[in-house]
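Take a look at the letters that make up each chain.
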Number of protein chains: 2
Amino acid sequence: MKYDIKIPAPVLVVLSLLVFGFNPVRQNKITAPPDPLPSWNGGISKTTIIDFVTKTTKKDGKDFIPVADRIACFDNDGTLWSEQPMYFQLAFAIDQVKAMAPQHPEWKTTQPFQALLEGDIKTALAGGEKALMQIVMTTHAGMTTEAFEKTVKDWLTNATHPKTKKRYNEMIYQPMVELLKYLRSNGYKTFIVSGGGVDFMRPWVEQAYGIPPDQVVGSSGKVKYESLNGKPVLIKLPEINFIDDKEGKPVGIHQYIGKRPVFTAGNSDGDYAMLQWTSTAGGYPRFGMIVHHTDAEREWAYDRQSHIGKLEKGLDDAAKHNWLVVDMKKDWKKIYPNEK
Amino acid sequence: MKYDIKIPAPVLVVLSLLVFGFNPVRQNKITAPPDPLPSWNGGISKTTIIDFVTKTTKKDGKDFIPVADRIACFDNDGTLWSEQPMYFQLAFAIDQVKAMAPQHPEWKTTQPFQALLEGDIKTALAGGEKALMQIVMTTHAGMTTEAFEKTVKDWLTNATHPKTKKRYNEMIYQPMVELLKYLRSNGYKTFIVSGGGVDFMRPWVEQAYGIPPDQVVGSSGKVKYESLNGKPVLIKLPEINFIDDKEGKPVGIHQYIGKRPVFTAGNSDGDYAMLQWTSTAGGYPRFGMIVHHTDAEREWAYDRQSHIGKLEKGLDDAAKHNWLVVDMKKDWKKIYPNEK
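The numbering scheme is per chain: residues are counted from 1 as the chain's sequence reads. Written order decides the labels, with chains lettered from A and ligands numbered from 1. Reporting in this predicted model follows two pLDDT cut-offs: at least 70 for local features of residues, and 80 or more for side-chain atom pairs to be given and counted; totals over whole chains, interfaces and linings ignore these cut-offs and use all residues.

1. Remarks on the overall build of chain A
Stage number 1. The number of helices and strands found in chain A is 14 helices and nine strands.
Stage number 2. Expressed along its principal axes, the backbone C-alpha trace of chain A runs to roughly 105 × 55 × 40 Å.
Stage number 3. Buried, partly exposed and exposed are defined by the number of other C-beta atoms within 10 Å of a residue's own C-beta, namely 20 or more, between the two limits, and 12 or fewer respectively, with C-beta atoms placed from the backbone. Looking at chain A residue by residue over its 340 residues, the buried ones come to 40%.
Stage number 4. Considering only intrachain contacts with a sequence separation of at least 6, the fraction spanning at least 24 residues in chain A is 67%. Comment: elements are numbered from the N terminus, with helices defined as DSSP H or I runs of at least four residues and strands as E runs of at least two. By the criterion used throughout, residues are in contact when their C-beta atoms, derived from the backbone, lie within 7 Å.

Pasting the structure below:
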């Protein structure tokens, strides 16, 4: 049996449109996908990145990596934001030393504080990593974790970089911010694995990079749980807990993340062990990236001779390990956000 | 102008169905949502949990918590899986001591190993937490992290619990597995914060609880990055790195997670500081839960007098802190998965 019903054409058109015309899947098929890395110039670097992400996320492909194993680790200083003419955390520490100096008259005759207060950074840092950590620990301890967090946030709001006059957290690399986002939109979980202090990074990296505090691995001081005026607090102690640098980076990855990364980016020989730990694992394809500072005009140019972010072994061995060396000057359309 | 087109009724029905009938949003409106906690009996515990999750996820409500701050921490032993008649990690360690004993003749006359090999657990544990960590560190060190991971997985495949005859990772609490899933489906990020070893938990907790390795905080030994036959490895050292128990739990939460939780569940006085750290924070609503072992028939019944999972201070102060005390016998429809 068959019923014929008269239906006005406009109604039929609307019905048909609802069924076929507004189909978002079909619409996507005729629109080119937006460039996921608009601040990267075309070329081998950009292509290599996109090829890796494409092949490792292609279901049933031989290079497929399950979502649970898509772990990507990024150094911070010199890889996600600038680090010249000194680590930004050191600039923070120096500002703290100056602010605290009136309560510490003994610093006038004690190194490395004396040199810092006299503006002689070179002498202050002559003691190497130990002097650095001494400055950091002294200026980062003796307060609650919450008070320290506020200090960091206040500093970022008020301090500006001597050369660029930008706020420090505006000196993050726009191409790397896009890379982090691109990886996450393809199921990668992004982590920071930095020699910098974890309590110094956590207050701002979520907003800057989209990386939540629990995905930040870094150097740290010990903290103690105690009661302050009847309220439980965590007090930062002037004692090193962990240094997340060089061979400490694979250790930090194990202790804090518990899985071997498939994607790692760094910029100095302090990242060598982390890159090696990533690229010598079997099983999945692995990606190692070195950000090479080649742009003296828009940022800084340094590698083998630099005392900050020294890159020598990494450059020598990059080809052997199949690490991608990113040429900032050539590969990056812009350096910082809010640039034309 | 108007066109009338004849259209067969069945076609119209199909078109209409496509537009209106298969609308999943509309379907949901007439179907009751499935119970998110089917293994929980109705009552104050279940209601309190659901009320908290509902109010903290209600956009524009006064108790709303943004997704980034929905941090939920769970103890493991006695909170997510059983811990009697001894911590399961200790059962693992004892099996390892037995397996390693032929290579260590000196253990026949050295405590706590002698007692363990003679089956005298009580004497072996007379040295308290230190003896426990000695056993754990000795049996958990001197191998690569990857070899240890395999040992744990093999043990879980082969070993069974003396009382239940179940595999140890089948002795997880089904109601807590549902709670973890319920929280995650409401934007909460779930973490383990356990006195147990992090390397012992990570190989199996993702499958058991849906918690990835980087969201597991626990006690740990130190590891060292070195070259073994030309290949980089991490060697587990017989040296304590961190003990994530009692006052160590808020410390671990700070060092590994970096945010103060809004939801915390534990079962013993070892979780007191973590519960206190959670519930004394300001700002958002906070939820503290204590799993009270009250079911001697289906699991175990113990609290104030127990040397494992002792719960005294927590029971005394639960009301004061507004912590929910879950009565396993009364509140849980079933204990383990795969039960009727």
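2. Looking at helix H9 (residues 174-185) of chain B
Residues and elements named next belong to chain B.
Stage number 1. Taking 1.5 Å per residue as the helical rise, H9 with its 12 residues ought to reach 16 Å, and the 16 Å between its terminal C-alpha atoms agrees with that figure.
Stage number 2. Taken residue by residue, H9 has Pro-175, Met-176, Leu-179, Leu-180 and Leu-183 as its buried positions. One side of H9 holds all its buried residues, which, seen down the axis, span an arc of 140 degrees.
Stage number 3. Here the buried face of H9 lies against helix H3 (44-56), strand E2 (71-74), strand E3 (189-197), helix H10 (198-209) and strand E6 (263-266).
Stage number 4. Directly beyond the C-terminal end of H9, a positive phi value near 85 degrees is found at Gly-187. Helix span, as expected, comes to 1.5 Å for every residue beyond the first. Regarding the arc, it is the one traced by the directions from the helix axis to the C-beta atoms.

3. Topic: the nonpolar core
Stage number 1. Counting 138 residues, the largest nonpolar core has Phe-191 and Ile-192 of chain A together with Phe-191, Ile-192 and Val-217 of chain B as the members making the most contacts within it.
Stage number 2. In this structure, Phe-191 of chain B is in contact with Ile-71, Ala-72, Cys-73, Phe-74, Gln-215, Val-217 and Ile-257 of chain B, ignoring residues within four places of it in sequence. Joined through C-beta atoms within 7 Å, a set of buried Ala, Val, Leu, Ile, Met, Phe, Trp, Tyr and Cys residues constitutes a nonpolar core.

4. Description of the pairing of strand E5 (residues 231-242) of chain A
Residue and element names in this part refer to chain A.
Stage number 1. For two strands to be treated as a pair, DSSP must find at least two bridges joining them. Pairing of strand E4 (residues 216-228) with E5, which is carried by eight bridges, proceeds in the antiparallel orientation. The residue bridging Tyr-225 from the neighbouring strand is Leu-234, located in E5.
Stage number 2. Counted between consecutive antiparallel strands, the loop separating E4 from E5 contains two residues, among which Asn-229 sits at a positive phi close to 50 degrees.

5. Details of the packing of helix H4 (residues 88-100) of chain B against helix H7 (residues 128-140) of chain B
A pair of packed helices is captured by two measures, namely the crossing angle of their axes and the spacing between those axes.
All names here are of chain B.
Stage number 1. Every axis corresponds to a line fitted to the C-alpha atoms, with the helix fit spanning only the stretch in contact, and the corresponding angles, defined between N-to-C directions, vary from 0 to 180 degrees. Where H4 meets H7, the closest approach of the two axes is 9 Å, and the angle between their N-to-C directions is 55 degrees. As far as their axial angle goes, H7 and H4 are oblique. Crossing handedness for the pair H4 and H7: left-handed. Only Leu-132, Ile-135, Val-136 and Thr-139 of H7 make contact with H4, whose side of the interface consists of Gln-89, Leu-90, Ala-93, Gln-96, Val-97 and Met-100.
Stage number 2. Under the scheme applied, nonpolar residues are Ala, Val, Leu, Ile, Met, Phe, Trp, Tyr, Cys and Pro; charged residues are Asp, Glu, Lys and Arg; polar residues are all the others, including Gly. Considering only residue class, the contact of H4 with H7 consists of seven nonpolar, three polar and no charged. By the definition adopted for this analysis, an angle is roughly parallel if under 35 degrees, roughly antiparallel if over 145, roughly perpendicular if from 65 to 115, and oblique otherwise. A clockwise turn of the near helix away from the far one marks a right-handed crossing, whereas an anticlockwise turn of less than a right angle marks a left-handed crossing.

6. Brief notes about the packing of helix H8 (residues 145-158) of chain B against H10 of chain B
Residues and elements named next belong to chain B.
Stage number 1. Between H8 and H10, the shortest axis-to-axis distance is 9 Å and the interhelical angle comes to 60 degrees. In terms of their interaxial angle, H8 and H10 are classed as oblique. Between H8 and H10 the crossing geometry is right-handed. Residues Thr-145, Phe-148, Glu-149, Val-152, Lys-153 and Leu-156 of H8 pack against Asp-199, Phe-200, Pro-203 and Trp-204 of H10.
Stage number 2. Each residue belonging to the contact of H8 with H10 can be placed in one class, and the counts come to six nonpolar, one polar and three charged.

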